[in-house]
Amino acid sequence: MPSPAREESNGETGQAKDGAAEKGDDAGGRLVCALEMEMTNRSPHGDSKVDYVNNCDGLVGRNCGDSAEVSVPLSLHGKRTTHMEGDDLYRLRDRKLLLEDRKRLCALALGTALLGILLMIIHAEMCPFVYKPGSNAALVINSSISLSTGCLLILIIAFHYKDIRLFVIDNHNQVDWRIAMTSHRVLVITLELLVCAIHPVGSYWEEGPRGNSSSSAQLCVSSHHGEALLGMELLCSVLMFLRLYLVHRAILLHSKMLLSASYRSIGSLNNINFTFRFVLKVLMNQHPARTLLVFILFFWLTASWMLTLCERQTQTSTGHMETALWLIAITFLTVGYGDVAPNTSCGKAVCLFTGVMGVACTAMLVAIVTEKLALNKGEKHVHYFMLDIQISKRIRHAAANVLRECWLLHRTNLTKGNRGEHRRHQRCLLEAIRVFRNLRLKQRKLRDYVSEMVDLPKMQMIMCDLSANWNNSYRELEQRILSMEQKLDELSRCFQQSSELLSQVLRHRNPEIR
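Residues numbered from 1 in each chain as written. Predicted model: local features only at pLDDT ≥ 70, side-chain atom pairs only at ≥ 80, totals over all residues. Heavy atoms only, no water.

**Examining the pattern of salt bridges**
Thinking step 1. Per the counting criterion, the structure on display carries 12 salt bridges.
Thinking step 2. One salt bridge in this structure joins R185 and D163, with 3.3 Å as the shortest N-O distance. Placement of the pair is R185 in helix α6 (residues 183–197) and D163 in helix α4 (residues 136–170), with a sequence separation of 22 residues.
Thinking step 3. Here D163 falls in the buried class, since its relative accessible area comes to 19%.
Thinking step 4. With a closest N to O distance of 2.4 Å, R434 and E431 form a salt bridge. Remark: E431 and R434 occur in helix α16 (residues 419–452); sequence separation between them is 3 residues, near one turn of the helix.
Thinking step 5. Among the residues examined, R434 registers a relative accessible area of 42% and is labelled partly exposed.
Thinking step 6. When its relative accessible area of 39% is taken as the criterion, E431 is described as partly exposed. (Salt bridge = Lys/Arg side-chain N within 4 Å of Asp/Glu carboxyl O. Helix = DSSP H or I, 4+ residues; strand = E, 2+ residues; numbered from the N terminus. Buried < 20%, exposed > 50% of the residue type's maximum accessible area, 1.4 Å probe, protein only.)

Listed below in structure tokens is the structure:
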């Protein structure tokens, strides 16, 4: 048995050890705080310094009082590794700003591309008639086309820069921008820059002496440069329409589906990618006639002007706008009367592409008309319900005819009339049976078709009601079981009390019973 003196000495020894441990912890805390301050001073970021100073103040306060311990985990470079909610807020704000900048850059790029195409059309239409090739007016307009092309290239580069920044922010700013430069992205950027850089530059050459040329080429190029420059000018003018690929990007970025947060949330839950294909499907579903009409008119006018540009090298009627409009229309509708035909390779290529687009648009037009003429769900239900009623009436009449012919045939057999009347009633009976069978078959097919038109929302509501009824029945059954258990407990308690009372009565009457 230990003595009290020994217990007191052990207690003093334990207190001394605790005090030494606390002093060691305080010293270790001061050392860690000093190291943190040193690493903060060496760190290029100033925000972490304030955090470390606050942590060290907290540590000093803990040494002076009995407050809670504060620890800050550090990385190798002295940065905080805890995830802050403010970082997510800043990241969402930066992402929203980048999305707005990208949408604005796309709109500016599309406007610049359309401006360049418009200047090219004005230059091609006015140059041979209003001013001469190599003149100051031609140089100014062609310089404006080149300037718009340069601005367009800068806007394309800025757009992809914002796209790469958006990729980095989506990955919590923990990846390098060079990771986003995949081979596919580099190929897309290169192709876009090449397409947007194409523009006619024929007017930069000086005008030379005009020779006697049988060609009535109405391009703004001096004749002494030859057919090579004419072909290059024509090809660059036609290829400038490739800049219209920016239309689908503008439609995508300015669509209500992409701008709506609820649309994006529901789409992300259902693994839907908001691409131009999805937006086009939605437009064709909501406004099919309007979308197709706008596309057909725009394509008709663009292809007609391209055809006139290609056919200006020849002295034919296809170089005029009204003839080109007629030729593009009959080619688009796949009629082809043969009264007008293209003469150049460029014109033949334009007509070939027009025929392909005409077939595709005709298919879409047939699909739209079919969808508009189709009955909706309610109309189908009403229509088939009325058909079922009419067929049921006809079946009753056919059954009555069968019974009548049977009775007439039976009466003919009883009266033993002539053979002609007997055969006539047999023939009428067989015809009535055939009509009755055909009507029954038609009714069966109609009901089979109606049964295939399953109303999924209605079935879902029915199943939900059934499950709710089952749940209610299950709860009622549980309550009844609980009430039965309570009653059984009361019965067992009553039996136990009655047995105790009986034993007490018996003991009172017969004291000898123990």
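Resuming the write-up.
**Observations concerning a positive patch on the surface**
Thinking step 1. Judged by side-chain charge, R419, R423, R424 and R427 come together as a positively charged surface patch.
Thinking step 2. Structurally, R423 can be placed in helix α16.
Thinking step 3. Residue R423 is classed as partly exposed on the basis of its relative accessible area of 47%. (Patch = residues over 30% accessible without salt bridge, like charges linked within 9 Å, V, L, I, M, F, W, Y side chains within 5 Å. Areas by Shrake-Rupley, 256 points an atom, 1.4 Å probe, with all protein chains shown as cover. Lys, Arg positive; Asp, Glu negative; His and termini not counted. Charge placed at Lys NZ, Arg CZ, Asp CG, Glu CD.)

**Observations concerning the packing of aromatic side chains**
Thinking step 1. With the rule as written, the count across this model stands at 5 aromatic pairs.
Thinking step 2. Ring geometry for F295 versus F299: centroids 6.1 Å apart, planes at 20 degrees, classification stacked. Within this pair, F295 and its partner F299 are both found in helix α12 (residues 288–311), separated by 4 residues, close to a single helical turn.
Thinking step 3. Residue classification places F299 among the buried positions, given a relative accessible area of 11%.
Thinking step 4. Ring centres of W326 and Y337 lie 5.8 Å apart, and the angle between their planes is 5 degrees; on these two criteria the pair is classed as stacked. In this pair, W326 sits in helix α13 (residues 321–332) while Y337 sits in the loop between α13 and α14 (345–373), placing the two residues 11 residues apart along the sequence.
Thinking step 5. Look at W326 and you get partly exposed, because its relative accessible area is 39%.
Thinking step 6. Members of the aromatic cluster, joined through ring pairs, are F295, F299, F332 and F353. (Phe/Tyr/Trp six-rings, centres within 6.5 Å; stacked < 30°, edge-to-face > 60°.)

**Observations concerning the UniProt feature "transmembrane region" (unreviewed entry) in the protein chain**
Thinking step 1. Under the local residue numbering, the UniProt record ascribes the feature "transmembrane region" (unreviewed entry) to residues 105–131, 137–159, 186–205, 225–246, 292–311, 323–341 and 347–370.
Thinking step 2. The distance from the first to the last C-alpha atom of residues 292–311 is 28 Å, and the span holds 100% helix and 0% strand.
Thinking step 3. Across residues 347–370, the secondary structure splits into 100% helix and 0% strand, with the terminal C-alpha atoms separated by 34 Å. (UniProt positions renumbered as here; feature names shortened; annotations may be inferred.)

**Observations concerning a nonpolar patch on the surface**
Thinking step 1. The grouping of M459, I462, M463, L466 and W470 at the surface amounts to a nonpolar patch, some 500 Å² of accessible area in total.
Thinking step 2. Considering the arrangement of structural elements, one finds W470 in helix α17 (residues 456–509).
Thinking step 3. The class of W470 is exposed, set by a relative accessible area of 58%.

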